[in-house]
Amino acid sequence: MRGQAHTLEAIIAAVLIIGGLIFATQATAVTPLSASTSNQHIENQQQATVDGLLATAAENGTLTDAVLYYNSSSGTFEGAPAGEPYATAPPNAFGTALNETLSQRQIAFNVDVYYVTQAGDTESKPMVRMGEPSDNAVVATRAVSVYNSSNLTATDDRQLEDLGGEEFYAPNVDDDELYNVLEVEVTVWRK
Amino acid sequence: MNRTRGQTTLDFAIGTSVFLLTVVFVIAYAPTLFDPFVGGTGTDLLVADRAATSLSGDFLAASTAEPGTLSIGCVGTFFDVSLDEAVQGVGCGGANLNSFDDDEGFSELLSLDGRNANVTIHELGAPASEPVTPEWASDPLVRSNDDSVPSDVAVSTRTVSIEGKQYRLTVRVW
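Residue positions are given per chain, counted from 1 along the sequence in the order it is written. Working convention: letters from A go to chains and numbers from 1 go to ligands, in the order in which they are written. In keeping with the model being predicted, local features are shown solely for residues with a pLDDT of at least 70 and side-chain atom pairs are shown and tallied solely at 80 or more, while totals for entire chains, interfaces and linings include all residues.

Some details on the overall build of chain B
- Across its full length, chain B holds four helices and five strands.
- Overall, chain B shows an N-to-C arrangement of helices and strands of α-α-β-α-α-β-β-β-β.
- The exposure label follows from counting other C-beta atoms within 10 Å of a residue's C-beta, where the C-beta atoms are placed from the backbone and the thresholds are 20 or more for buried and 12 or fewer for exposed, leaving partly exposed in between. Classification of the 174 residues of chain B by burial places 33% in the buried group. Only DSSP runs of H or I with at least four residues qualify as helices, and only runs of E with at least two residues qualify as strands; both kinds are numbered from the N terminus onward.

Below, the structure is given as structure tokens:
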């Protein structure tokens, strides 16, 4: 009897200590400022950095050049495998900026271009696909307009109005000079 | 061994080791519970973020409608560099950055409240320790109220463009 009592006493004491620890764990909250790789501050910084990247790329024209860097015969962006998006940053000025800002800091990104269809719906054309975003991914978007007189920037440099129906991923949705409004969406997350 | 005492010694050994293992586990585990809360860099992060936002979107911006696009005149005034002749005379509209040209003004402009900060503009691919010296500026684009940057700092970054070229603006607060 006394033997079992010693063992039982030890186990009860252990349960009490563990119980106290569990209670303390439940009582403390993990706040947005708690340190971890999914820190809210890091997400904010990534979002602000990519927002600035898109804003500055739109300002110096490299963003428009990147959405027009299209090869109509392979049905995708120039230099990407036929029918597929790029697996890394695009080989143009926008891609260089993405590389220097994100890839070199071990941040992965997907780039999608949303466009308006004839029916008024929105569809997307993937430009860069690096994988499935994590739960802590952040998104930044920027709209750029392309016009009938905009030239493709790849080896094919025809104007958009000279292209046949299916030769560019976005259709011409406006009777006037405007061709389509493209929304570039960048999704970033830590690798 | 006394017949009436059975296996008391063995039971006691098992009981004690169970108890001691628990105590050791708790002592090893408990301090890690508080790791997220030590350091107290929480407010520094907010200060760094606010400073980066106001610099890129307001104080240095050519227009508050286009945050990230910096005015060369404001950049020259803030970092106290002489500008090349080609871009000289470009003023800094609105914000009067001249009145914040000393360390006190720097602290007041960024609401540092006794903290130290380092503001650097560098190439997208370069580290913050290597400020850029564009061809239109006489000196590197860096400003700080304390020369030595410790390793434990709160960092905030923005992508900005000056004269159509993209740079990274990094604010470090400690």
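Further notes follow.
Brief notes about the sheet that holds strand β3 (residues 142–144) of chain B
- Read from one edge to the other, the open sheet built from five strands follows the order β1-β4-β5-β2-β3 (chain B), with strand pairing classed as mixed. With one partner strand each, in any of the chains shown, β1 (69–70) and β3 of chain B form the two edges of the open sheet.
- When DSSP locates at least two bridges between a pair of strands, those strands are taken to pair. Here strand β2 (residues 117–122) of chain B pairs with strand β5 (residues 165–173) of chain B via six bridges, running antiparallel. Opposite Ala117 of chain B, over in β5 of chain B, you have Val173 of chain B as the bridge partner.
- Whether two residues are in contact is decided by their C-beta atoms, placed from the backbone, lying within 7 Å. Simply put, an axis is a line fit to the C-alpha atoms, just over the touching stretch for a helix, and the angle between two N-to-C directions goes from 0 to 180 degrees. Strands in contact with helix α2 (residues 40–59) of chain A are β1, β4 (154–162) and β5 of chain B; relative to β4 of chain B, the strand with the most contacts, it is inclined by about 5°.

Side note on the packing of α2 of chain A against helix α4 (residues 93–101) of chain A
Residues and elements named next belong to chain A.
- Put simply, α2 and α4 touch, their axes get as near as 11 Å, and they point 160° apart. One element, α2, and the other, α4, form an angle in the roughly antiparallel class. For the crossing formed where α2 meets α4, the hand is right-handed. For the pair α2 and α4, the contacting residues are Thr49, Leu53 and Ala57 in the first and Phe94, Ala97 and Thr101 in the second.
- Each residue is assigned to one class: nonpolar for Ala, Val, Leu, Ile, Met, Phe, Trp, Tyr, Cys and Pro, charged for Asp, Glu, Lys and Arg, and polar for all the others, Gly among them. Grouping the amino acids of the contact of α2 with α4 by side-chain chemistry returns four nonpolar, two polar and no charged. Orientation is classified from the angle alone, with under 35 degrees giving roughly parallel, over 145 giving roughly antiparallel, 65 to 115 giving roughly perpendicular, and any other angle giving oblique. A clockwise turn of the near helix away from the far one marks a right-handed crossing, whereas an anticlockwise turn of less than a right angle marks a left-handed crossing.

Describing the pairing of β5 of chain B
Residue and element names in this part refer to chain B.
- When you tally the buried positions in β5, you get eight out of nine residues, the bulk of the element.
- Two strands pair when backbone bridges link them, and β4 and β5 are joined in this way by nine bridges, in the antiparallel orientation. Bridge pairing in β5 links Ala154 to Val173.

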